[in-house]
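Chain by chain, the residues:
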Amino acid sequence: MAESIKTQLSKLRDKVDLVLALAGNPNVGKSTIFNRLTGMGVITANYPGMTVDINMAVTEFEDHKIGIIDLPGTYALGAISEDQLVARRGVLQSTPDAVIFILDANNLARNLYMLLQFMDLGLPIVVALNMEDEAEKRGVHTDSGQLSELLGVPVVPTVATRGTGLDSLVETAVEVGLHREAYPVIPFAYAEDIEARVRELASFMEENLVAMPYGLSSRALGILLLEGDPEFAQLLSDGRVAPNVLSKVGELAAAIQNTHGAQAPLVISRERHGIAGFLQAEVQKQVEDMKVPLGERLWALTTSSRTGIPILLLVLGGLFAILFLGGGALSTLMDKLWNTYMAGPLTRAIFYVFGNNIFAGALKWGLVNGIEAALSVAIPYVVVFYLLLAVLEDTGYLNTVAFLTDRIMHRFGLHGRAVIPLITSAGCSVPAIMGTRVLSTRRERVIASTLIVLVPCSARTAVIIGGVSKLVGWGWALLLYGIVFLLVAATGMALNHFMPGESTGLVMEMFPVRTPSPVAVLKKTWARFKDFIIVATPIMLGGSFLLGLLYESGWIYKLSAPMAPVVQWWLGLPAVAGLALIFAFLRKELALQLALVLAAVSAGGSLLSFMNKGQIFTFALVNTIYIPCAATLAVLWKELGGKQALLISASTILLALVLGGLAHLIRLF
Amino acid sequence: MPSEKVEEYLEGIFKLECEEGKANVTRLAERMKVTAASASEMLKRLEKEKLVTHKGDRGHVLTARGEHMARTLVRRHRLSERFLTDVLGIGWDVAHEEACKFEHVLSPDVEKKLAEMLGNPSTCPHGFPIPDLDGKIAQTEIRRLSSFCASERGVIAEVDEEGPELLQYLSSLGLIPDARVEVKEIAPFNGPLLVKVGRSAQYALGREVASKIWMKQ
């Protein structure tokens, strides 16, 4: 679980000799460097009320214990979005002994922009010039020595994916951290009139302020204020602490606007881009005009207007084929192994220790059947899905998907980036709902979360495949998917129509194709799977235990009586099947397992002797649509608040009853 | 005197012609926030009054008279905006809406006096050129990035966005005036644009965002 950043930072400080912060744009290899420098034992922390996390870890280098803080990747160090705010607060509050700033050599000017912001803040900096090998392949040579000279800070060339240069990087960072006075950072000067106004503001603040927030220099604070930074403006809005500072800022910002004919923040940003562009032009030379590599030319086909969509359909088709075939095979295998080797001895052990009573029976349910559920659903489907997702992510293809589907997503009031959590939701709704954090407005997050709840996750897929596809026919399973797909589309359009507000636009960086590193893919898959296990396992085992208790004590039949009208009359299912649906709230795949048990007990045979084909279809349909599982409800509650979580749940129950009833009606005729 | 509605349509067609090279019924309806049926009905009426003509695949085009009227309106609109922001101190964001009402009540004399009082400004507060008395637009033509085709290039003239969040986000990505932009690809179904900014950075820009970026050659 994420903890408060402030507490974690001070804990980290106490443990180590030096603190290094990793900063840079998104996708410059920052996480790769962090993972290479640190082992296990990563702590994730966040600010109260914010969803962007910071990772920290302790590592050793020579004789030093070093704390490493991985700041969120951003394009600038402002306060206009949560990730930028977290990155800036993180770096200011952790007061690192050195900041390792990672530059992508392929995109130097854009990357230098934020480095200049760091230099304005006066932080001690070591630059990692990463992915130089890729730039060289494109015929672009970077003179890292000259870059270091121009910037006045050490520059270490690295290839993070292979670990090249990382030792030297840490060594340099430790050296800078230990001898900060020997490595002063001198910010670049902007246009003379801007500097004059910054100086005027700085000396005004030096006279009128007791201390600068976060111990910043008065120039650094002056620039932030002239850039219209809302966080610092807020800090200085108290007239008793900072008399007239903000009106002075307004006056000087207006003066800049008058001189340059554009708003002050834009003028300063333009200046910074100017310096960044100059630096790039000085240190990077196009050595030769290389032909675009074959890989990149093929990659261009994925976004092309003619071939993009067919490739997308192929990829998604392949993805689900691997998920269903591969996951299915793995699921059968796991099931077999568990039932052949473990289930028997474990059951005997339970009855041997606790005797033959209701508790032991329930425990057997909790452990033997609970673990079986975990093995036959969680591992095969969820792991395979996460693995595929990590590959798609690390090649950069997910961004292509977002690009291609932006138009469709707009019909739902979303934009292209929402497609990423929506795809994730085919694995599990929990990480998918957490993934909606990439969306900028609450409206978008509510719409996306609602759609995610409706998309069949791997547990529901297990029920559809194991129940409908196996016993009723694959055509019916496809029909069920078709119904759900239409439902998702209709819900999206309806929400877009009825919810106030508009969709925001898509602005997203697109990367050239990258070969994913197997280590990074496996680490990512493992981290996600671990989170899933932590949330899901207790519910899975506890739920199975509770269910076992009700079953062994015979209460399960008493409980089913009051639901009979809805289940029997309206949905046309056996009354006890309603119980299976209720318990599936714990874990959706329990619906099928429980139905199998109920079939064995009440009808003395297979599922088909308990429910006919039509009933199985209705059963799976209702199970797919009604109420998200307990873990999903919990995460909805956490992310969107109780009211929204309950509203979404209630609507899905209603939808499931309507559609289930319709399926029953159609069956009657 | 043509009605206010006619004037609004003339202005709409004029802007579509400037931005996209042609005005068809669908885009006009979108712009005027009406159904395609009412837009097409209005076009017929304008055709009858000889303010527009139909030119095959170029769609509806303003006649000389129609264009002159449209340019006068654009001039009055942008002058009104200047008056509202510079003299009355009304914000940029509100000025446009208010000016939509103003432009229809100005007589040629008032328009002339207003321009004199404001010192004959050349641009509106949003940075768009104000046509002169003959309706001529001095500056080089600017178009929305959203109207670009694949492999077209240009330089950003202006980012027409008041919200600081998007404006600063775009500027941190290097999408600022004078930045060189090349449209590499356009997603199917009139989707987002894949643009290259500077030497190597590539971004996907949604239609709404791209329509806020004004380009010059």
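Residues numbered from 1 in each chain as written. Chains lettered and ligands numbered in written order. Predicted model: local features only at pLDDT ≥ 70, side-chain atom pairs only at ≥ 80, totals over all residues.

A. Local environment of the overall build of chain B. Looking only at helices and strands, chain B features eight helices and eight strands. Here chain B has a C-alpha radius of gyration of 18 Å; the compact-globule value for 217 residues is 17 Å, and the two agree. Seen through its C-alpha atoms, chain B measures out along the principal axes to roughly 55 × 45 × 25 Å. Burial statistics for chain B: of 217 residues in total, 40% are counted as buried. The contacts in chain B between residues at least 6 apart in sequence include a share of 53% that link residues at least 24 apart. (Helix = DSSP H or I, 4+ residues; strand = E, 2+ residues; numbered from the N terminus. Rg over C-alpha atoms; globule rule 2.2 N^0.38 Å. Buried ≥ 20, exposed ≤ 12 C-beta atoms within 10 Å, placed from the backbone. Contact = placed C-beta atoms within 7 Å.)

B. View of the sheet that holds strand 4 (residues 153–159) of chain B. As summarised here, the arrangement of the seven strands in space is 11(A)-7(B)-6(B)-5(B)-4(B)-8(B)-3(B), forming an open sheet in which the pairing is antiparallel. Where the open sheet ends on each side, the last strands, each with one partner, are strand 11 (507–509) of chain A together with strand 3 (143–144) of chain B. The pairing of strand 5 (residues 180–186) of chain B with strand 6 (residues 193–197) of chain B spans five bridges and is antiparallel. Residue pairing across strands places E185 of chain B opposite L194 of chain B, the latter belonging to strand 6 of chain B. (Pairing = 2+ DSSP bridges.)

C. View of the interface of chain B and chain A. Facing 29 residues of chain B, the contacting portion of chain A comprises 33 residues. The set of elements that each furnish at least two residues to the side of chain B that touches chain A consists of helix 7 (164–172), strand 5, strand 7 (201–205) and helix 8 (207–210) of chain B. With seven residues, the single largest contributor to the side of chain B that touches chain A is helix 7 of chain B. Here the residues of the side of chain B that touches chain A sort into 16 nonpolar, ten polar and three charged. Pairing analysis gives three bridges linking strand 11 of chain A to strand 7 of chain B, with the strands arranged antiparallel. By the bridge assignment, M508 of chain A is partnered in strand 7 of chain B with A204 of chain B. (Nonpolar A, V, L, I, M, F, W, Y, C, P; charged D, E, K, R; others polar.)

D. Highlighting the domain arrangement of chain A. All names here are of chain A. The domain architecture assigned to chain A consists of domain 1 (3–182), domain 2 (192–260) and domain 3 (308–506 + 517–668). Centre-to-centre, using C-alpha coordinates, domain 1 lies 28 Å away from domain 2. Taken together, the contacts link seven residues of domain 1 with eight residues of domain 2. Elements represented by at least two residues in the side of domain 1 that touches domain 2 include exactly helix 3 (82–94) and helix 4 (108–121). The residue makeup of the side of domain 1 that touches domain 2, split by class, is four nonpolar, two polar and one charged. (Domains from an automatic or database assignment.)

E. Molecular detail of helix 29 (residues 630–640) of chain A. Residues and elements named next belong to chain A. Taken residue by residue, helix 29 has A631, T632, V635 and L636 as its buried positions. Around the axis of helix 29, the buried residues are gathered within 135° of arc, so they sit on the same side. Once helix 29 finishes, G641 follows within two positions and takes phi at roughly 95°, a positive value. (Arc of directions from axis to C-beta.)

F. Broad picture of the packing of helix 19 (residues 442–454) of chain A against helix 21 (residues 474–498) of chain A. All names here are of chain A. Look at helix 19 against helix 21: their axes get within 10 Å of each other, and the N-to-C directions meet at 165°. Between helix 19 and helix 21, the crossing angle belongs to the class labelled roughly antiparallel. In the packing of helix 19 onto helix 21, the handedness of the crossing is right-handed. Contacts between helix 19 and helix 21 pair I447, T450, L451 and L454 from the former with V484, L487, V488, T491, G492, L495 and N496 from the latter. Partitioning the contact of helix 19 with helix 21 into residue classes produces seven nonpolar, four polar and no charged. (Axes fitted to C-alpha atoms, helices over the stretch in contact; angles between N-to-C directions. Parallel < 35°, antiparallel > 145°, perpendicular 65-115°, else oblique. Left-handed = near helix turned anticlockwise from the far one by under 90°.)

G. Focus on unusual backbone geometry. In this structure, M131 of chain A takes a positive phi of about 60° despite not being glycine. As for its placement among the helices and strands, M131 of chain A is situated in the loop between strand 7 (125–130) and helix 5 (132–137). Its identity is not glycine, yet S151 of chain B carries a phi of approximately 70°, on the positive side. Tracing the sequence through the fold places S151 of chain B in the loop between strand 3 and strand 4. On the neighbour-count criterion, S151 of chain B (10 C-beta atoms within 10 Å) is exposed.

H. Representation of the nonpolar core in the model. I100, L103, F118, V127, L226 and A595 of chain A are the most contacted members of the largest nonpolar core, which has 228 residues in total. Beyond its immediate chain neighbours, meaning those up to four positions away, L103 of chain A contacts G24, V28, L108, N111, L112, L115, V127, A128, L129 and N130 of chain A. Ranked by size, the runner-up nonpolar core spans 18 residues in total, among them A23, M42, L46 and V74 of chain B. (Core = buried A, V, L, I, M, F, W, Y, C linked by C-beta atoms within 7 Å.)

I. Seen up close, the pairing of strand 2 (residues 18–24) of chain A. All names here are of chain A. With six of its seven residues buried, strand 2 lies for the most part within the structure. Here five bridges tie strand 2 to strand 5 (residues 64–70), and the two strands are oriented parallel to one another. Across the sheet, A21 pairs through a bridge with I69, a residue of strand 5. Pairing analysis gives five bridges linking strand 2 to strand 6 (residues 98–104), with the strands arranged parallel.

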